[in-house]
Every structure is written in structure tokens, then in C-alpha cells.
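Below, each chain spelled out in residue letters.
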Amino acid sequence: MNKILYSTRATATGGRDGKARTDDGTFEVTLAAPKELGGNGQGNNPEQLFAAGYAACFLSALKFVSTQGKHARLPTDARVSATVGIGPRADKGFGLAVTLDVSLPGLDASEAEALVAEADSMCPYSHAVRGNIDVALNIASND
């Protein structure tokens with residue numbers, strides 16, 4: 001990376017059953033493991049936070065790419081939903097899988113695919129997980 005334009009810092013205590021907070025105090029969350037992983041589900045978990053961050057970042061990448069003049073304009077009602085799953089790996093430990101459902105109403109399929117491909121090549125979350133996490137991109141257009 002050539003130049004860091006922004007950084008933030010968050011600290012977690014208690015692991016999956018604790019709290020996390022940014023140093024500037026603008027974000028604080030109670031963490032709890034989901035029932036499916038033996039927790040009580042009475043808080044948020046890292047997979048939910050990752051899903052929200054990836055969805056928001058990918059939508060921002062779509063917005064940016066659509067303003068560069070090579071692709072169709074992004075519909076105002078565009079949406080990105082991220083599904084993050086966690087499960088055991090074959091070798092050891094746990095791994096993640098992600099599905100991004102991208103809704104681009106009014107765009108034809110080829111325009112939508114081109115826009116999503118370009119956004120995927122620009123999104124920092126996509127860069128971070130490429131080669132490490134299976135990511136499926138589902139595109140809905142004209143819906």
C-alpha cells in the first residue's frame with residue numbers, strides 16, 4: 001500500500017462473549033456467540049460485523065466505479081447483501097465463506113456483470129479476502 005488515507009483502531013475484550021469498542025468511542029458493540037456455535041445469541045458476532053462491512057464497502061465500490069464513465073450508472077435503489085458463513089476447515093480450525101447478493105434494478109445483465117466485476121477488482125474487502133475465502137457473487141438486475 002502506497003499511502004494510508006484513514007485508519008481506525010478497535011479493541012475487543014472477552015472474545016466472542018465480550019465487547020468491542022473503537023478508540024474514538026463512536027462504535028461499541030456487545031459480542032455474543034450465535035446459538036449455532038454454542039452461545040446465547042444475545043449480542044452481535046464477528047461474522048455479522050464482517051457481513052455489514054463487506055456489503056457497505058462493496059456498494060461503495062459499485063458507486064465509485066459507476067462514476068468513472070466506463071460503466072452504466074448505478075441505480076439509486078442498488079443494494080448489496082453479504083452472507084457470511086463460518087464452519088470447520090478440512091485441515092484445522094475454522095474458515096469463512098461469503099456470498100454477495102448484488103441487486104441492480106434496471107440494468108441489463110451484461111451491464112450489471114461488468115459493473116460488479118470492476119467493483120470486485122477495486123473493493124478493499126475483496127482484495128483482502130481474495131484467495132483466502134470463497135466468495136460467490138450473485139447479481140440480480142431488471143428486478
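Above this text sits the structure in question.
Fair warning: this is a prediction, and the values are worked out from it, not measured in the lab.

Undergrad: Any chance you could explain the state of the cysteines here in plain terms?
TA: Among covalent bonds in proteins, the disulfide is the one between the sulfur atoms of two cysteines. In total, this model carries zero disulfides according to the counting rule given. Lacking any disulfide linkage, Cys 57 is separated from the closest cysteine sulfur, that of Cys 123, by 3.6 Å. Owing to a relative accessible area of 0%, Cys 123 belongs among the buried residues under this scheme.

Undergrad: I tried to follow a nonpolar patch on the surface on my own but got confused; where do I start?
TA: On the surface, Leu 37, Ile 86, Phe 94 and Leu 96 cluster together into a nonpolar patch covering about 340 Å² of accessible area. Within the secondary structure, Leu 96 is located in strand β5 (residues 94-104).

Undergrad: Quick question: what am I supposed to make of the sheet that holds strand β1 (residues 10-13) here?
TA: Backbone-to-backbone hydrogen bonds pair the strands of a sheet. The strands run either parallel or antiparallel. The sheet built from three strands is open, its strands ordered β1-β2-β3 with antiparallel pairing. At either margin of the open sheet sits one strand with a lone partner, and together these are β1 and β3 (28-30). Ignoring which end each strand starts from, the neighbouring axes of this sheet average 10° apart. Here strand β2 (residues 19-22) pairs with β3 via three bridges, running antiparallel.

Undergrad: When you look at the pattern of salt bridges in this model, what are you seeing that I'm missing?
TA: A pair can form between side chains of opposite charge whenever their charged atoms are brought close. Applying the stated criterion across every chain, the model contains five salt bridges. Across the salt bridge formed by Glu 28 and Arg 21, the nearest N and O atoms sit 3.6 Å from each other. Here Arg 130 and Asp 120 are joined by a salt bridge, their closest N and O atoms 3.1 Å apart. Note that Arg 130 is positioned in the loop between α3 (124-129) and β6 (134-141) and Asp 120 in helix α2 (residues 109-122), a separation of ten residues in sequence. Judged by its relative accessible area of 44%, Arg 130 is partly exposed. Classification of Asp 120 by relative accessible area gives buried; the value is 17%.

Undergrad: Could you clarify how one ought to interpret the packing of aromatic side chains in this entry?
TA: In this description, a pair of aromatic rings is defined by centroid distance and the angle of the planes. If you walk through the whole model with that rule in mind, you get three aromatic pairs. A ring pair is formed by Phe 50 and Tyr 125, whose centres lie 5.8 Å apart and whose planes are at 35°; its orientation type is tilted. Of this pair, Phe 50 sits in helix α1 (residues 46-66) while Tyr 125 sits in helix α3; the two residues are 75 residues apart in sequence, bridging distant segments of the chain. Taken together, the ring pairs in this structure connect Phe 50, Tyr 54 and Tyr 125 into an aromatic cluster.

Undergrad: Could you clarify how one ought to interpret the nonpolar core in this entry?
TA: Phe 58, Leu 62 and Leu 104 are the most contacted members of the largest nonpolar core, which totals 26 residues. Elements with a contribution of two residues or more to this core: α1, β4 (79-88), β5 and α2. Considering each element in turn, this core owes the most residues, eight residues, to α1. Residues contacting Leu 62, with those up to four places away along its chain left out, are Leu 74, Val 80, Val 102, Leu 104, Leu 115, Val 116 and Ala 119.

Scoring rules and cut-offs
Residues numbered from 1 in each chain as written. Predicted model: local features only at pLDDT ≥ 70, side-chain atom pairs only at ≥ 80, totals over all residues. Heavy atoms only, no water. Disulfide = S-S within 2.5 Å. Buried < 20%, exposed > 50% of the residue type's maximum accessible area, 1.4 Å probe, protein only. Patch = residues over 30% accessible without salt bridge, like charges linked within 9 Å, V, L, I, M, F, W, Y side chains within 5 Å. Areas by Shrake-Rupley, 256 points an atom, 1.4 Å probe, with all protein chains shown as cover. Salt bridge = Lys/Arg side-chain N within 4 Å of Asp/Glu carboxyl O. Helix = DSSP H or I, 4+ residues; strand = E, 2+ residues; numbered from the N terminus. Pairing = 2+ DSSP bridges. Axes fitted to C-alpha atoms, helices over the stretch in contact; angles between N-to-C directions. Phe/Tyr/Trp six-rings, centres within 6.5 Å; stacked < 30°, edge-to-face > 60°. Core = buried A, V, L, I, M, F, W, Y, C linked by side-chain atoms within 4.5 Å. Contact = heavy atoms within 4.5 Å.

So yeah, pure geometry; function would need other evidence.
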